[in-house]
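Descriptive structure summary
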Amino acid sequence: MRRPRGRKPNQETRLRKGRTMKRAGIQRIEAAYLVKDRPDFHIGDTVDVGVRIMEGDKERVQVFTGVVIARRGHGAPETFSVRRIVAGEGVERTWPLHCPAVSFIRVVRSGRVRRAKLTYLRKRVGKATRLVEERRELGEAGAAGAPEGAGATAAEAT
Amino acid sequence: MPAILGRKLGMTSAFDDKGRQVPVTVIEAGPCQVLQVKTPAADGYAAVQLGFAEKPARVTTRPLAGHFKKSGATPKRFVREYRTGDASRYQPGQAVTVAEFEGVPLVDVIGVTKGRGFAGVMKRHRFGGQPASHGTERKHRSSGSIGEGAGIPGRAVRRGKRMAGHMGRERRTAERLKVLKIDAEANLLVVRGSVPGPNGGYVMVRGARKAGPPKA
């Protein structure tokens, strides 16, 4: 039987579900660096991120709370970005998911979103930054109110 | 200094003891077989010839098949020589594994860079190109003048003038890369930084030839 013209697909790196499968050897090396107890969190979730900070020779954990607006990559280099409003100013921080300086990630709330990247939140202020969730989801603006944002109005009942 | 042939698997991240993210390349290094040991007496120079990656006997040419057979090795896709004074510790047919790199702090990785085809002068030589506006027409990525008319050198364009042309697919050596990990069981070598060539490209790894601090 004749195969269609062109290069034979490489079985090791063939695309799978839209992702390049990393070669087994790389995965084996990465395994040593993966942090196993990272929770399963998604874009739109509000999370507490515990960041280890060295002050002099003492270590302390600072918590950064905000909405996850992006996750990119997979395996050891995967990163996630969290956005929050500090003193009226938008602050975004990005960490490698498996960074040892991130001591914990806690999901505070999960939000219903329809995008993979929530960059549109940057243009929004106050109430408009809230995300819908099971019951009413409050964004970083904090005020309670009717569900809105992300163009989705149907809140999922718990 | 040891040498081995292998294949670049790709890059990923690691974290060092201070928690900093470090770019690393994973190389499948060996196992190789020694195909021939060259001696000054017989060949005029001292070297070991290594082979890596199996290939079916049916695609091996007769002359090459004979060469492989002489050392008792199986046919290999990637064959390279490594010049070394102490070739005496190698025997034809002997296996070479990453384990030999145990305790080697720095390595050189030799590979063939990705081919870029016929590349313009901006990509190939990092020229600045021409202005985007102010009357520039269809010459935004071209070089400027290439010479001043046939005068003293007797030629309009001087020798060595950098121009557009084929880029990439050349042998390059990444020198003094730090060895971060050796996984003898899976024949893996992890090195800090990047390595020439595409993922899956064949490379040669040898103990660093020049002294000096690690690159990056």
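Only a predicted model underlies this, so the values are computations on that prediction, with no experimental measurement involved.

Turning our eyes to something else, we now look at the overall build of chain B. Along chain B, the regular secondary structure elements total three helices and twelve strands. For chain B, whose C-alpha radius of gyration is 23 Å, the value lies well above the compact-globule estimate of 17 Å for 216 residues. Seen through its C-alpha atoms, chain B measures out along the principal axes to roughly 65 × 50 × 35 Å. Here chain B, with 216 residues, has 40% of them falling under the buried criterion. The contacts in chain B between residues at least 6 apart in sequence include a share of 68% that link residues at least 24 apart. In the structure as shown, chain B presents an accessible area of about 12,300 Å², 51% of it carried by carbon and sulfur atoms.

Residue and element names in this part refer to chain B. With a phi close to 55°, Arg126 is a non-glycine residue in the positive phi region. Summarising the element assignment, Arg126 is placed in the loop between helix H3 (121–125) and strand E9 (165–167). By relative accessible area, which is 75% here, Arg126 ends up exposed. We note that Arg176 has phi near 50°; this positive angle belongs to a residue other than glycine.

All names here are of chain B. Reading across the sheet, the four strands line up as E5-E4-E3-E6 and stay open at both edges, with antiparallel pairing between neighbours. Sheet topology places strand E5 (76–83) and strand E6 (95–96) at the edges, where each strand pairs with a single neighbour. Two strands pair when backbone bridges link them, and strand E3 (residues 32–38) and strand E4 (residues 47–54) are joined in this way by five bridges, in the antiparallel orientation. Counterpart to Gln36 in the pairing with E4 is Gln49. In this fold helix H2 (residues 62–70) packs onto E3, E4 and E5, with an angle of close to 90° to the strand it touches most, E3.

Between chain A and chain B, the contact holds 16 residues from the first and 19 residues from the second. In total, about 1,500 Å² of surface goes out of reach between chain A and chain B, with carbon and sulfur atoms giving 64% of it. When the shortest N-O distance is used, the salt bridge between Arg28(A) and Glu185(B) registers 3.8 Å. Here chain A is connected to chain B by two residue pairs in polar contact (both at pLDDT 80 or more). With five residues, helix H1 (residues 24–30) of chain A is the largest single contributor of residues to the side of chain A that touches chain B.

Turning our attention to the domain arrangement of chain B. Entries for chain B in the domain assignment read domain 1 (6–28 + 102–114 + 172–216), domain 2 (32–96) and domain 3 (117–168). A C-alpha centroid distance of 45 Å is found between domain 2 of chain B and domain 3 of chain B.

In this section: the pattern of salt bridges. Counted under the stated rule, the structure contains 17 salt bridges over all chains. Note that Glu100(B) is salt-bridged to Arg89(B), the shortest N-O span being 3.8 Å. Here the residue Glu100(B) occupies a position in the loop between E6 and strand E7 (106–112), and Arg89(B) occupies one in the loop between E5 and E6, the gap between them amounting to eleven residues. Across the pair Arg138(B) and Glu137(B) runs a salt bridge whose closest N-O atoms are separated by 3.2 Å. What you see here is one network of salt bridges that share partners, running through Arg28(A), Asp183(B) and Glu185(B).

This next bit is on the packing of aromatic side chains. Within this structure, the stated rule accounts for five aromatic pairs over all chains. Between Phe41(A) and Phe80(A), the ring centres sit 5.3 Å apart and the planes meet at 75°, which makes this aromatic pair edge-to-face. Here Phe80(A) lies in strand E5 (residues 79–86) and Phe41(A) lies in the loop between H1 and strand E3 (46–55), a separation of 39 residues in the sequence. Its relative accessible area of 1% is what places Phe41(A) among the buried residues. By relative accessible area, Phe80(A) is classed as buried at 0%. Centroid distance Phe52(B) to Tyr202(B): 6.1 Å. Interplanar angle 85°. Geometry classified as edge-to-face. Taken together, the residues span a long stretch of sequence, with Phe52(B) in strand E4 and Tyr202(B) in strand E12 (residues 202–207) at a distance of 150 residues.

Residue and element names in this part refer to chain A. Across the sheet, which stays open at both edges, the five strands sit in the order E6-E5-E4-E3-E7 with antiparallel pairing between neighbours. Looking along the sheet, the strands with just one partner apiece sit at the ends: strand E6 (89–96) and strand E7 (102–109). For this sheet, the mean inter-axis angle between neighbouring strands, taken without regard to orientation, is 40°. Where E3 lies against strand E4 (residues 58–72), ten bridges are found, and the strand directions are antiparallel. By the bridge assignment for E4, Asp48 is matched with Thr65.

Another point: the nonpolar core. Counting residues in each nonpolar core, the largest one holds 30 residues, and the members touching the most others are Ile27(B), Val107(B), Val109(B), Leu189(B) and Val205(B). Per-element tally for this core: the top contributor is E4(B), with four residues. Summarising the domain contributions, this core has at least three residues from each of domain 1 (6–28 + 102–114 + 172–216) and domain 2 (32–96) of chain B. Ignoring sequence-local partners within four residues, the contact set of Leu189(B) consists of Thr25(B), Val26(B), Ile27(B), Ala29(B), Val98(B), Val179(B), Lys181(B), Ile182(B) and Val205(B). Listed in part, the 14 residues of the second largest apolar core include Val47(A), Val49(A), Val102(A) and Phe15(B).

Turning to the confidence of the model for chain B, a few remarks are in order. Residues of chain B with pLDDT of at least 70 account for 98%, and the chain-wide mean is 89. Interface predicted TM-score (ipTM) for the complex: 0.72; the corresponding pTM is 0.77.

Quick notes on the rules
- Residues numbered from 1 in each chain as written.
- Chains lettered and ligands numbered in written order.
- Predicted model: local features only at pLDDT ≥ 70, side-chain atom pairs only at ≥ 80, totals over all residues.
- Heavy atoms only, no water.
- Helix = DSSP H or I, 4+ residues; strand = E, 2+ residues; numbered from the N terminus.
- Rg over C-alpha atoms; globule rule 2.2 N^0.38 Å.
- Buried < 20%, exposed > 50% of the residue type's maximum accessible area, 1.4 Å probe, protein only.
- Contact = heavy atoms within 4.5 Å.
- Areas by Shrake-Rupley, 256 points an atom, 1.4 Å probe, with all protein chains shown as cover.
- Pairing = 2+ DSSP bridges.
- Axes fitted to C-alpha atoms, helices over the stretch in contact; angles between N-to-C directions.
- Buried area = accessible area lost by both parts, 1.4 Å probe.
- Salt bridge = Lys/Arg side-chain N within 4 Å of Asp/Glu carboxyl O.
- Polar contact = N/O pair within 3.5 Å; in protein donor to acceptor, adjacent residues only side chain to side chain.
- Domains from an automatic or database assignment.
- Phe/Tyr/Trp six-rings, centres within 6.5 Å; stacked < 30°, edge-to-face > 60°.
- Core = buried A, V, L, I, M, F, W, Y, C linked by side-chain atoms within 4.5 Å.
- pLDDT = per-residue confidence, 0-100.

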